[in-house]
Amino acid sequence: MQVRHQSIKSRLRLLTALALVPCLAGCFVSPGGEASSQGGPSGSRLRVALAFPPAENFSPYGADATLLSRLGVTEGLTALDANGAAAPALAQSWRRENDHTWRFTLREATFQDGTDVTPAAVAAALTHATKAEPAPAALAGVTLGARPDGDRGIRVTTAAPDPVLPMRLAGPSLAILSPKAYEKKGSPTPVGTATGPFEITKVNGGGSATLDRYADYWGGLAHATGIDARFVKDGTARANAVRTGDIDIAEAIPVAQAATLDKATLEEAGTTRTTSLQLNTEKGPFKDPGLRAAARAAIDPSALVKGVFEGYADPGAGIFGPAVTWAESKRVKPTGRAKAARPDGTPVTLATYDNRPELPEVAQVVQQQLQKAGFTVKLEVREYSRLERDALAGKFDAFIGARNSLLDTGDPVGILGSDYTCDGGYNLARLCDKKVDRAIAEAVETDGTGERQDAAMAAEAAILGTDAVVPLAHQQIIAGVSTKVRGVLLDPYERTLVGAGTRTRR
């Protein structure tokens, strides 16, 4: 990790941010117009600012799944512990019966609509997920079936052996909801149908949501009586709200704002998130491997880490970065790369989103580096919910995004299947390469922790060899947290933020 420094640019940002305080104060009051304060460490509501508004009406099958898990709304059969291993959640234990079958034993729990978490309800929820279109990222390339087995058991089968199924079922997109959630046609609703310590009681479009603690949560009554969540894409506004005391917890503090906050209100954690440049291999100029190679050769990740991330990141080394502790020692050098062609003014459209404030600045630097190499680059920046559909449809030549490599399954092979196979549900590079698909398929079938890691790194090398993706930076989480708050949950997989033990005093 490079040494952090407060440059002249940072000090100018501080002055700019302070000048904005008066116009931002009061933007984060509770729905009634008054700051929430019910007294006592277990009685106050939490005021939380999130960077991304719901893009799919809180559907658990897409990008909104992590919003739900970070707010303590949804849970799966399992969770991930600090080491990335499967841990109990709605399932208290499990065992592998054969190559294709696992049996999970459920704990006593209730859904937020008052109905019991039964084997039939869990099997139905998983079955609904298998039929979702596009498939949840955690199920990329997996054919899964679920059926009740006795009073507390559920048997889950897979068409092919799946040694990481307990980790896969921890994915936020495989949250278990009550039968009521699926009554209406379309995506299921988590409002009042989940199992977590907090229940969504009101949604105000894409601007805010109100949550109350769920009195019958199996893990015990939450300390906070509820959450007033705001979706605020402006990173400066989130940082200012922490500084002025108008918000208790703000995720994704921009690195440019970190120096403006008191150190006591900054919490940092390593993350498996990588910022990458995805090149459209299906159509447009980057269908040509030579031009992809030219783009890759033009990028200087070290300049991005120093100039944009100000030391809160490491230069892009691959799809998996330093927070995946075993990756570097097992990394395989890509082979078979095309020879770089001359861009000769080739026009390209580069897109990114501004919910993560670093990304537009990263895009500007990448734009300059590509132009220096001979490309003509048009930059397009939108809010993520207005960009995702076009990005997945391949309407841009290049796309810069930040992706947590272990978010969906905790298994390193999972993101490779969802992001870089012909049938991948989040294939921004539109990559369809037989060699890559074969390498990922081999990794999927590999058992044993070390052997699976080796296979994942061989697949990573095959992907990098196509130059469909150029890793730019491996990031850290920076959250703004009031000094009165305790129990914020920051994990490398960015699945959690607020839980039953999160509390504040005002």
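It should be emphasised that the depicted structure is a prediction, and the values quoted were computed from it without experimental measurement.

**Side note on the overall build of the protein**
- Looking only at helices and strands, the protein has 14 helices and 19 strands in total.
- On the principal axes, the C-alpha backbone points of the protein span a range of 65 × 60 × 40 Å.
- Here the protein, with 506 residues, has 58% of them falling under the buried criterion.
- Sequence-distant contacts in the protein: of pairs separated by 6 or more residues, those separated by 24 or more amount to 71%.
- Accessible area for the protein stands at about 20100 Å²; split by element, carbon and sulfur atoms hold 50% of it.
- Here the protein contributes 57 positively and 56 negatively charged side chains, and the mean placements of these two sets differ by 4 Å.

**Some thoughts on the packing of aromatic side chains**
- Summed over all chains, the structure comprises nine aromatic pairs.
- Geometrically, the ring pair formed by Trp94 and Phe104 is tilted, given 6.0 Å between the ring centres and 35° between the ring planes. Of this pair, Trp94 sits in strand E4 (residues 91–98) while Phe104 is found in strand E5 (residues 101–106), placing the two residues ten residues apart along the sequence.
- Take Phe104: its relative accessible area is 0%, and that puts it in the buried class.
- Geometrically, the ring pair formed by Phe320 and Trp326 is tilted, given 6.3 Å between the ring centres and 40° between the ring planes.
- Phe320 gets classed as buried once you look at its relative accessible area, which sits at 0%.
- A relative accessible area of 17% means that Trp326 is categorised as buried.

**What to know about the sheet that holds strand E7 (residues 153–158)**
- Sheet architecture is open: four strands sit in the order E4-E5-E7-E6, paired in antiparallel fashion. Looking at strand neighbours, the two that pair on one side only are E4 and strand E6 (144–149), the edges of this open sheet. When the angles between neighbouring strand axes are averaged without regard to direction, this sheet yields 20°.
- Looking at chain direction, E4 and E5 are connected through six bridges and run antiparallel. Bridge assignment links Arg95 to a residue of E5, and that residue is Arg103.
- Across the sheet, helix H3 (residues 119–131) is in contact with E5, E6 and E7; its angle to E6 comes to roughly 170°.

**Some thoughts on the nonpolar core**
- Formed by 56 residues in total, the largest nonpolar core has its most connected members in Val48, Leu77, Phe104, Leu126, Ile154, Leu211 and Ile227.
- Residue contributions to this core peak at six residues, all from H3.
- Excluding its chain neighbours within four sequence positions, the residues that come into contact with Leu77 are Pro88, Ala89, Leu90, Ala91, Phe104, Leu106, Val122, Leu126, Leu169 and Ile176.
- Among the nonpolar cores identified, the runner-up in size contains 41 residues, and Ala252, Val365, Val470 and Leu472 belong to it.

**Let's talk about the state of the cysteines**
- Throughout the structure, instances matching the rule amount to one disulfide.
- Through a disulfide, Cys422 is tied to Cys432; the S-S separation comes to 2.0 Å. Its torsion about the S-S bond being 95°, the disulfide of Cys422 and Cys432 is classed as right-handed. Placement of the pair is Cys422 in the loop between helix H12 (412–420) and helix H13 (434–444) and Cys432 in the loop between H12 and H13, with a sequence separation of ten residues.
- According to the relative accessible area criterion, Cys432 is exposed, its value standing at 55%.

**Details of H13**
- Burial in H13 covers these residues: Val436, Ala439, Ile440 and Ala443. Along the axis of H13, the buried residues cluster in a sector spanning 95°; they form a single face. Those residues of H13 that are exposed and angled more than 90 degrees off the buried face are Lys434 and Glu442.
- As for H13, its buried residues are in contact with H12 and helix H14 (449–465).

**A short note on the pairing of strand E14 (residues 347–353)**
- Burial of E14 is extensive: five of the seven residues sit out of reach of the surface.
- In this sheet, strand E15 (residues 376–382) lies alongside E14 in parallel orientation, the contact comprising seven bridges. Looking at the pairing, Val348 lines up with Val377 of E15.
- Taking the sense of rotation as the criterion, the β-α-β connection linking E14, helix H10 (residues 358–373) and E15 turns out right-handed.
- Bridge analysis of E14 against strand E16 (residues 398–404) gives two bridges, and the strand direction is parallel. Along E16, the bridge assignment pairs Leu350 with Ala398.

**What to know about the pairing of strand E1 (residues 46–50)**
- With five of its five residues buried, E1 lies for the most part within the structure.
- Burial along E1 is two-sided: the residues Leu46, Val48 and Leu50 and Arg47 and Ala49 are all buried.
- Summarising the sheet, E1 and strand E10 (residues 226–231) pair through five bridges and their orientation is parallel. Of the residues in E10, the one forming a bridge with Leu50 is Phe231.

**Regarding the packing of H13 against H14**
- Where H13 contacts H14, the two axes come as close as 8 Å, and the packing angle between them is 170°. It follows that H13 is roughly antiparallel to H14 by the angle criterion. Here H13 contributes Val436, Ala439, Ile440, Ala443 and Val444 to the contact with H14, which in turn contributes Arg452, Ala455, Ala456, Ala459, Ala462 and Ile463.
- The class makeup of the residues in the contact of H13 with H14 is ten nonpolar, no polar and one charged.

Calculation notes
Residues numbered from 1 in each chain as written. Predicted model: local features only at pLDDT ≥ 70, side-chain atom pairs only at ≥ 80, totals over all residues. Heavy atoms only, no water. Helix = DSSP H or I, 4+ residues; strand = E, 2+ residues; numbered from the N terminus. Buried < 20%, exposed > 50% of the residue type's maximum accessible area, 1.4 Å probe, protein only. Contact = heavy atoms within 4.5 Å. Areas by Shrake-Rupley, 256 points an atom, 1.4 Å probe, with all protein chains shown as cover. Lys, Arg positive; Asp, Glu negative; His and termini not counted. Charge placed at Lys NZ, Arg CZ, Asp CG, Glu CD. Phe/Tyr/Trp six-rings, centres within 6.5 Å; stacked < 30°, edge-to-face > 60°. Pairing = 2+ DSSP bridges. Axes fitted to C-alpha atoms, helices over the stretch in contact; angles between N-to-C directions. Core = buried A, V, L, I, M, F, W, Y, C linked by side-chain atoms within 4.5 Å. Disulfide = S-S within 2.5 Å. Arc of directions from axis to C-beta. Right-handed = clockwise from strand over helix to strand, strands pointing away. Parallel < 35°, antiparallel > 145°, perpendicular 65-115°, else oblique. Nonpolar A, V, L, I, M, F, W, Y, C, P; charged D, E, K, R; others polar.

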